[in-house]
2 protein chains.
Amino acid sequence: MPNQRREPRSATITDIARVAAVSKSTVSLVLQGSPLIKAETSARVRQAADTLGYVYHRGAAALRRQSSKIVGMVINDLTNPFFAELLVGMEHNLMEAGYVSLMAHTGESLETQEKVLASMREYHAAGLILCPAFDTPPGVLEAIRAGGIPLLVVVRPIGTGDYDFAGSDNEAGTFMATEHLIQRGHRRIAFMGRVGGGPVYELRRIGFARAMTVHGLPIVSEWIVDIPPTRTGGREGIRQVLALRDRPTAAVCYNDVVAFGALGALGEQGLIAGRDFAIIGFDGVADAAHSNPPLSTISVDPGHLGEVAAELFLQRLREPSTPALRFLATPRLVVRQSSRADAP
Amino acid sequence: MPNQRREPRSATITDIARVAAVSKSTVSLVLQGSPLIKAETSARVRQAADTLGYVYHRGAAALRRQSSKIVGMVINDLTNPFFAELLVGMEHNLMEAGYVSLMAHTGESLETQEKVLASMREYHAAGLILCPAFDTPPGVLEAIRAGGIPLLVVVRPIGTGDYDFAGSDNEAGTFMATEHLIQRGHRRIAFMGRVGGGPVYELRRIGFARAMTVHGLPIVSEWIVDIPPTRTGGREGIRQVLALRDRPTAAVCYNDVVAFGALGALGEQGLIAGRDFAIIGFDGVADAAHSNPPLSTISVDPGHLGEVAAELFLQRLREPSTPALRFLATPRLVVRQSSRADAP
DNA sequence: TACATCTTTTGGAACGTTCCAATTTCGCAT
DNA sequence: ATGCGAAATTGGAACGTTCCAAAAGATGTA
């Protein structure tokens, strides 16, 4: 019989006051650790609180002082380990700072994103961290800003306004990735991602294209493979690439998840990445070190990015009216098996 | 200049009352959709609320009616896709039911778990869903129960008390897995996981052992490989297994993550899972379908398990004093490449 | 017109805190 | 004893809701 024996009513500050024979104001001060209260009284109050099994009512406190320790986190896709690791990093540092995360998952649906954002407003979060769903219109930001609530956008920029943002240098990343493959001797290189997949995609594709151009290599339009940015997409992409006449010998993937799909599809064809074909991903999720074969990638260290994002956010909370903060993680090339062999 | 232009003070029910020339009681009733209020008045109130940009203050409401729509979710390891998918499933159904998730990540640390549980109590969550960290002592449950707050334990049972629980039939799962390998002709089969890794490990090992025994196969103690239940652990495990004299031809892995590590390590040795060695995982995470090679696994459909868990929890909230609820997902054998070939 | 009944609206006390202003208590010098 | 400044404590209003009991309005009946 679980959840039986429910307390008659949980103890309040007033109950403590009665037991400790002081006023509730005193109790409040003690609980806040005020130096105004005599040590002796303070001890008595704490004792009473203990025996009553008192638990602080953050809701009531938040109502009175107009501020909460809740931060709303809106995440687009937790099944992508990149976002999971990012979330863990953010949550960790926020918790460290005494905040607690009201989390909502949008699954890339604009509709649910709209819904949860409204909901977070009702909970009077101290601020919002948003990993926007694909194609989030700038109006969404305006709506939040109009509410006067601190907002940090993560990973995917939205529109052109100036808001706090933490992400990574996508163009530099794919530039490095592509250059790495070129240095391995590859000349026909594919780029696999969702065409029109927003600014992140755009920048990554541009970085790819720039590296190709800089090294005097042609960019064949068929090499820009249009697939959903998922594992399935990656599989599909490799199938398309392998079917091309004059087929590429390497592929830069939009992200690690796509790359994982690609590794799988190669294996299916009896090919080994890093021997028969080169694959490089983007993000640097933990799994990349353990895939088959281990995946070369452009790492932005998602966990760390999350922690930095949290710091940025906390800074914003401390300083509500300071110019827009912006952080771009510098990506790092991590070479593993999947791109190790030279081009044929 | 973000977050500027902050509203003087956000509109309250009283403001609406003034504008609509009614009492705040009326406004409250309207907002609750009470049928008591005349349609005409109701419209007027709603209109006023709109123009004021009113946003409902859930905190205040929760304080007054002693109940909240917050559910605390304590998750041990989001970097394991199993838990990420589980979380997504739970969160989805809870949101559907109008609840919002206060999420905290413990990273398998008992200390932070203790801390976040205390914190959730302060937020007066309507209930708690706990994916316990490894080796969580039963005392933790008692503490929560003493607070009289509905609790659902997920995935990992704790001690012997009767509390609401949602998990899967672990023994049946590894039994199936092992039997599947045996039917493929394997006779020397390893089991890789963290020895002493709690009840889930125990049951999975027992299922494995039972299948071996039932089919008259010996269980060699060296085949029970002791590794951390992570990707790295999986790599390490395969290395150990391959080094054994009389080496096994197949391995049942504690979970999919271990299996992924195993696939990677096999590849490193130039071996292909499903041709040179058979691997089967446990959990059925989405990635399993896309690994290299695709991973055979005992699927409990984590997303679905999450949804069911949420339903169980909601039922508990509706019926606070009903006997302990218990759900065990029936695992399903999913055969993919990694175990497809027959034993040599 | 007066009364009963039903519908609609409302005052105000809660919920558990915080914090200002005011009060009491204390220690100490006169 | 008395006064006085500092230290310690306290009363009570506020935060934005809900909801009970009661009041007010509307409608119908005798």
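This section reports on the structure supplied with the text. (Residues numbered from 1 in each chain as written. Chains lettered and ligands numbered in written order. Predicted model: local features only at pLDDT ≥ 70, side-chain atom pairs only at ≥ 80, totals over all residues.)

## A closer look at the relation of the copies chain B and chain A
To keep things clear, this is the line we draw: A least-squares superposition brings the copies together, and it is based on the C-alpha atoms of residues with pLDDT no lower than 70 in both. With C-beta atoms placed from the backbone, a contact is any residue pair whose C-beta atoms sit within 7 Å.
Overlaying chain B on chain A yields an RMSD of 0.1 Å, the required transformation being a rotation through 180 degrees with an accompanying axial translation of 0.0 Å. Overall, the copies show the geometry of a two-fold rotation axis. Nearest to the rotation axis, the C-alpha of Leu102(B) is located 2.2 Å from it, this being the minimum over chain B. In this assembly, 98% of the residues forming the interface of chain B have copies in chain A that are likewise at the interface, indicating an isologous arrangement.

## Overview of the nonpolar core
The condition is simple: Put simply, a nonpolar core is buried Ala, Val, Leu, Ile, Met, Phe, Trp, Tyr and Cys residues tied into one set by C-beta atoms within 7 Å. Three exposure classes are used. Buried residues have 20 or more other C-beta atoms within 10 Å of their own C-beta, exposed residues have 12 or fewer, and partly exposed residues fall in between, all C-beta atoms being placed from the backbone.
Counting 177 residues, the largest nonpolar core has Cys253(A), Ala262(A), Ile279(A), Cys253(B), Ala262(B) and Ile279(B) as the members making the most contacts within it. Leave out the neighbours within four places in its chain, and Ile279(B) touches Ala251(B), Cys253(B), Ala259(B), Ala262(B), Leu263(B), Ala273(B), Leu295(B), Ser338(B) and Ser339(B).

## What about the environment of Val155(A)?
Residues and elements named next belong to chain A. What counts is decided by this rule: Helix numbering and strand numbering both begin at the N terminus, where a helix is a DSSP run of H or I of at least 4 residues and a strand a DSSP run of E of at least 2.
With respect to the element layout, valine 155 can be found in the loop between strand 4 (151-154) and strand 5 (164-168). Expressed as a C-alpha distance, the spacing of valine 155 and proline 229, which sit 74 residues apart in the sequence, is 15 Å. Not counting chain neighbours up to four residues away, the residues in contact with valine 155 comprise Cys131 and Gly167.

## A closer look at the protein's contact with DNA strand D
Applied cut-off: Proximity of a residue to a molecule or strand is defined by its backbone-placed C-beta atom lying within 6 Å of that partner. The residue classification treats Ala, Val, Leu, Ile, Met, Phe, Trp, Tyr, Cys and Pro as nonpolar and Asp, Glu, Lys and Arg as charged. All others, Gly included, are polar.
Taken together, 28 residues lie near DNA strand D, and Ser23(A), Arg64(A), Ile13(B), His57(B) and Arg64(B) sit nearest. For the surface near DNA strand D, the secondary structure elements donating two or more residues are helix 2 (24-31) and helix 4 (58-64) of chain A together with helix 1 (13-20), helix 2 (24-31) and helix 4 (58-64) of chain B. Taken together, the residues that form the surface near DNA strand D break down as eleven nonpolar, ten polar and seven charged.

## Quick notes on the protein's contact with DNA strand C
The full set close to DNA strand C counts 28 residues, and Ile13(A), His57(A), Arg64(A), Ser23(B) and Arg64(B) are the nearest of them. Elements with a minimum of two residues in the surface near DNA strand C: helix 1 (13-20), helix 2 and helix 4 of chain A together with helix 2 and helix 4 of chain B. For the surface near DNA strand C, a count of residues per class yields eleven nonpolar, ten polar and seven charged.

## Considerations on the interface of chain B and chain A
This is how it is decided: For two strands to be treated as a pair, DSSP must find at least two bridges joining them.
Facing the 59 residues of chain B at the interface are 58 residues of chain A. Only helix 4, helix 5 (81-96), strand 2 (100-105), helix 6 (110-122), helix 10 (231-243) and helix 11 (256-268) of chain B provide two or more residues apiece to the side of chain B that touches chain A. Looking at the side of chain B that touches chain A element by element, the count peaks at seven residues for helix 5 of chain B. Here the side of chain B that touches chain A is composed, by residue class, of 28 nonpolar, 18 polar and 13 charged. Both strand 2 (residues 100-105) of chain A and strand 2 of chain B contribute to a ladder of three bridges, which runs antiparallel.

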